[in-house]
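Each chain, letter by letter, is given below.
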Amino acid sequence: MKKIDRRSFLKGMGISAAALGLAACGGSDSSSAPAASSSAGAGAASSAPASGPKKGGTLRLCYNNPIASPGYTPRASGNAALYYLTCSYENLFTYDADGALVPKLATAWEVNAEEPSITWTLREGVQFADGEPFNAEAVKRNIEEYQANNRTEVANIAECQVIDDTHIKMLMAEPNSSTLESVGFFVFYMSPKAIDNPSSLDAATCGTGPFQLTEFETNAYAIYTRNDNYWQEGLPYLDSVEITVVTESSTGSTAFRANEYDMFWIGLTSPTIQQELINEGIYIKEDNQNGMGVETLGLVPNSAIDSPWADAKVRRAMCYAIDCDAINAAFLMGAAQMTDQWAVPGSVTYNDDINHYTYNPERAKELLAEAGYPDGFDTNIVTVSTYSDMFTAIANMLSAVGIRCTIQQVDAATNNQLFADGTWEGLMAHYATVSPDLGLYMGRHLDYNGAYYAKGIQHPGYEMELLEEIRRCMDTEEKHALEKELQAAIYDAETGSCLFGRPLYVNTSSMYKYDYVIDDHATEAFTASWDLSACWLNK
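Cut-offs used in this document
- Residues numbered from 1 in each chain as written.
- Predicted model: local features only at pLDDT ≥ 70, side-chain atom pairs only at ≥ 80, totals over all residues.
- Heavy atoms only, no water.
- Pairing = 2+ DSSP bridges.
- Helix = DSSP H or I, 4+ residues; strand = E, 2+ residues; numbered from the N terminus.
- Axes fitted to C-alpha atoms, helices over the stretch in contact; angles between N-to-C directions.
- Contact = heavy atoms within 4.5 Å.
- Buried < 20%, exposed > 50% of the residue type's maximum accessible area, 1.4 Å probe, protein only.
- Polar contact = N/O pair within 3.5 Å; in protein donor to acceptor, adjacent residues only side chain to side chain.
- Arc of directions from axis to C-beta.
- Patch = residues over 30% accessible without salt bridge, like charges linked within 9 Å, V, L, I, M, F, W, Y side chains within 5 Å.
- Areas by Shrake-Rupley, 256 points an atom, 1.4 Å probe, with all protein chains shown as cover.
- Salt bridge = Lys/Arg side-chain N within 4 Å of Asp/Glu carboxyl O.
- Lys, Arg positive; Asp, Glu negative; His and termini not counted.
- Charge placed at Lys NZ, Arg CZ, Asp CG, Glu CD.
- Phe/Tyr/Trp six-rings, centres within 6.5 Å; stacked < 30°, edge-to-face > 60°.
- Lys NZ or Arg CZ within 6 Å of the ring centre and 35° of its normal.
- Parallel < 35°, antiparallel > 145°, perpendicular 65-115°, else oblique.
- Left-handed = near helix turned anticlockwise from the far one by under 90°.
- Nonpolar A, V, L, I, M, F, W, Y, C, P; charged D, E, K, R; others polar.

- As annotated in an unreviewed UniProt entry, the protein carries the name ABC transporter substrate-binding protein and is attributed to Candidatus Faecalibacterium faecipullorum.

Pasting the structure below:
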């Protein structure tokens, strides 16, 4: 197929599917993927043993999450953006399959809790795609750019002191046990020259990563080409990477089966399609095995504006009115793991001792009456098409107790903007990355300047004090005790502030691929963190 035909196909697929909506992001672990049949689907090449990695080829991913800012990284928020960012950009460290920190642009780091500070040793000989050197000055410039965009991840950095080209000290405003991971993983470094002209990154990239963006259309596709200036000698093997946005799961599945894509990401909300792909026994299914960075899906009320949702009793009534087990059975084939707080049951920060929510519509009605709404009230559920059926069922449950919901369906870009600026009215989907460090992961939503949902929720003094105590605490056991206390303050069914509404389930999405895709590390150790620098196609 000619190059121009491929571009036209991508554009057509993306634009036709873009209006259909957005799904949550998921994770996988390629190192634990089962063996796949060599009889890959229609039109696929069989993966015979190879003597070693092969150079060349294009990796084609079918993905249902668009991105608005592929090049200017401070505006690329949310785990869904990581599939795009990590093609072109790199961070100071990443994670391995066990969740341990692995050097990337930094080779070493030292935390001084007394000062407090972090001193980074940077990798030598790294250049950005435009030839600019990656050094301590570039790190400083990027941190300042993230701060200018009010990114919570860098809010605790009071000053960056350049020691020399390969060493930089970051002074913390206060001791914070989350700052290392926050700055080390969530900042993706852009060329300082490109930062001086942000519009140059509207539809292009300029990072240190293995590929750089060469073609882009919002809600349609992103095409990345090999970075010949990449610092890892001999890499990448691939010529290019194409990410096509296809938001309708059945459309994506059909195209994947026809081998129009090499990899296919699919959310938990399409369990029938997942089961069909598994039953065919042709494709490798990759799932996150260590739980690092898995995601929950819930419903979060806007409590920051003058509405019934400003009352915690109303928010708790909503939680009692939703039958999560019925939702799981009806829409997820009972496959979802359930949770009722910002943690997975059994994890070190899950609080078993709180009053847990149960399905209790009568209790919901009592709470609404106590809050002054005996006849209920009218509200919205803001959603994208992927969840419209499920949220319609939830709306019916809420209406049964007097919370009369209108489904307000929006496109993906609008949805992302609403949760970023806090301007949704009523309820909307809440995507929450789960990790033991609540100071970091919950903090990105609960902090006054949080990157997600924070502008649309209240910030009660007690919860905010606990958040700061967690961040300052350097003792692991004490920190976990404080985190359980914070879980209780928010999620206790009788006394909690219910700031984040009702978690529905753990969103364990999966990546499917043909067996000729080697060393993609798709979503390894995080919901959407892959490394394609050494990926190759055995066909």
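What follows continues from the structure just given.
## Re the sheet that holds strand β16 (residues 427–434)
At step 1: If you trace the 5 strands from one edge of the open sheet to the other, you get β15-β14-β16-β13-β17, paired in mixed fashion. Edge positions in the open sheet fall to β15 (403–409) and β17 (502–507), since each of these has one partner strand only. Neighbour to neighbour, the strand axes of the sheet diverge by 35° on average, direction disregarded.
At step 2: Where strand β13 (residues 294–301) lies against β16, 8 bridges are found, and the strand directions are antiparallel. Within the sheet, the bridge partner assigned to Glu295 lies in β16 and is Thr433.
At step 3: Taken strand by strand, helix α12 (residues 412–421) contacts β14 (377–383) and β16, and its axis lies near 75° from that of β16.

## Quick word on the environment of Arg316
At step 1: Here Arg316 is to be found in helix α8 (residues 312–321).
At step 2: You can call Arg316 buried: its relative accessible area is 9%.
At step 3: For Arg316 and Gly496, which are 180 residues apart along the polypeptide, the C-alpha to C-alpha distance reads 7.9 Å.
At step 4: In contact with Arg316, not counting residues within four places along its chain, are Tyr357, Leu367, Asp492, Ala493, Glu494, Thr495, Gly496 and Cys498.
At step 5: Within the structure, the side chain of Arg316 is placed 2.6 Å from the backbone oxygen of Gly496, a separation counted as a polar contact.

## So, the sheet that holds strand β18 (residues 510–513)
At step 1: The sheet built from 7 strands is open, its strands ordered β8-β9-β10-β1-β11-β18-β12 with mixed pairing. At either end of the open sheet lies a strand with only one pairing partner, and these are β8 (211–217) and β12 (284–286). Across the sheet, the axes of successive neighbouring strands diverge by a mean angle of 20°, strand direction being ignored.
At step 2: Relative to β18, β12 runs antiparallel, the two sharing 3 bridges. Each bridged residue has a counterpart across the sheet, and for Ile284 the counterpart in β18 is Lys513.
At step 3: Strands in contact with helix α6 (residues 249–257) are β1 (58–63), β11 (263–266) and β18; relative to β11, the strand with the most contacts, it is inclined by about 160°.

## Describing helix α9 (residues 324–331)
At step 1: Among all positions of α9, only Cys324, Ile327 and Asn328 are buried. Take α9 and look down its axis: the buried residues cluster within an arc of 100°, on one side only. Of the exposed residues in α9, those oriented more than 90 degrees away from the buried face are Asp325, Ala329 and Ala330.
At step 2: Positive phi shows up at Met333, right after α9, with a value of about 55°.

## Some thoughts on the side chain of Thr208
At step 1: One can find Thr208 in the loop between α5 (192–195) and β8.
At step 2: When its relative accessible area of 0% is taken as the criterion, Thr208 is described as buried.
At step 3: One polar contact links Thr208 to Glu90, side chain to side chain, over a distance of 2.7 Å.
At step 4: When residues no more than four places from it in sequence are discounted, the contact partners of Thr208 are Ser88, Glu90, Leu105, Val126, Gln127, Phe128, Phe134, Tyr189, Asn227, Tyr230 and Trp231.

## A word on the pairing of β16
At step 1: Burial analysis of β16 places 8 of its 8 residues in the buried class, which makes it a mostly covered element.
At step 2: Here β14 runs beside β16; their pairing, made up of 2 bridges, is parallel. Directly across from Val382, in β16, lies its bridge partner Met428.

## Considering a negative patch on the surface
At step 1: On the surface, Glu465, Glu469, Asp475, Glu477, Glu478 and Glu485 cluster together into a patch of negative charge.
At step 2: Mapped onto the negative patch, the elements with two or more residues apiece are α15 (461–472) and α16 (476–491).
At step 3: If one sorts the elements of the negative patch by residue count, α16 sits on top with 3 residues.
At step 4: Within the fold, Asp475 resides in the loop between α15 and α16.

## So, helix α10 (residues 361–370)
At step 1: Buried residues of α10: Arg363, Ala364, Leu367 and Leu368, and no others. Buried residues of α10, viewed axially, fall in a sector of 140°; they line one side.
At step 2: Residues of α10 that are buried make contact with α8, β14, α11 (388–401) and β15.
At step 3: Just beyond α10, the residue with positive phi is Gly372, at close to 95°.

## Notes on the packing of aromatic side chains
At step 1: Taken as a whole and assessed by the stated rule, the structure comprises 28 aromatic pairs.
At step 2: Aromatic pair Trp309 and Phe377: ring centres 5.4 Å apart, planes at 80°, arrangement edge-to-face. A residue pair is termed long-range when its members are at least 10 positions apart, and Trp309 in the loop between β13 and α8 and Phe377 in strand β14 qualify at 68 residues.
At step 3: On the accessibility criterion, Phe377 (6% relative accessible area) is buried.
At step 4: An aromatic cluster is present here, built from Tyr63, Tyr83, Tyr84, Trp265 and Trp530 joined pairwise through their rings.
At step 5: Between Arg444 and the ring centre of Phe186, over which it is positioned, the NZ or CZ distance is 3.8 Å.

## What about the packing of α6 against helix α7 (residues 271–280)?
Two measures define how a pair of helices packs: the angle their axes make with one another and the distance between the axes.
At step 1: Contact geometry of α6 with α7 gives a least axis separation of 11 Å together with a crossing angle of 15°. Judged by the angle between their axes, α6 and α7 are roughly parallel. In this structure, α6 crosses over α7, and the sense of that crossing is right-handed. Across from Ser249, Ser250, Ser253, Phe256 and Arg257 in α6, the residues of α7 making contact are Ile273, Glu276, Leu277 and Glu280.
At step 2: Counted by class, the contact of α6 with α7 contains 3 nonpolar, 3 polar and 3 charged residues.

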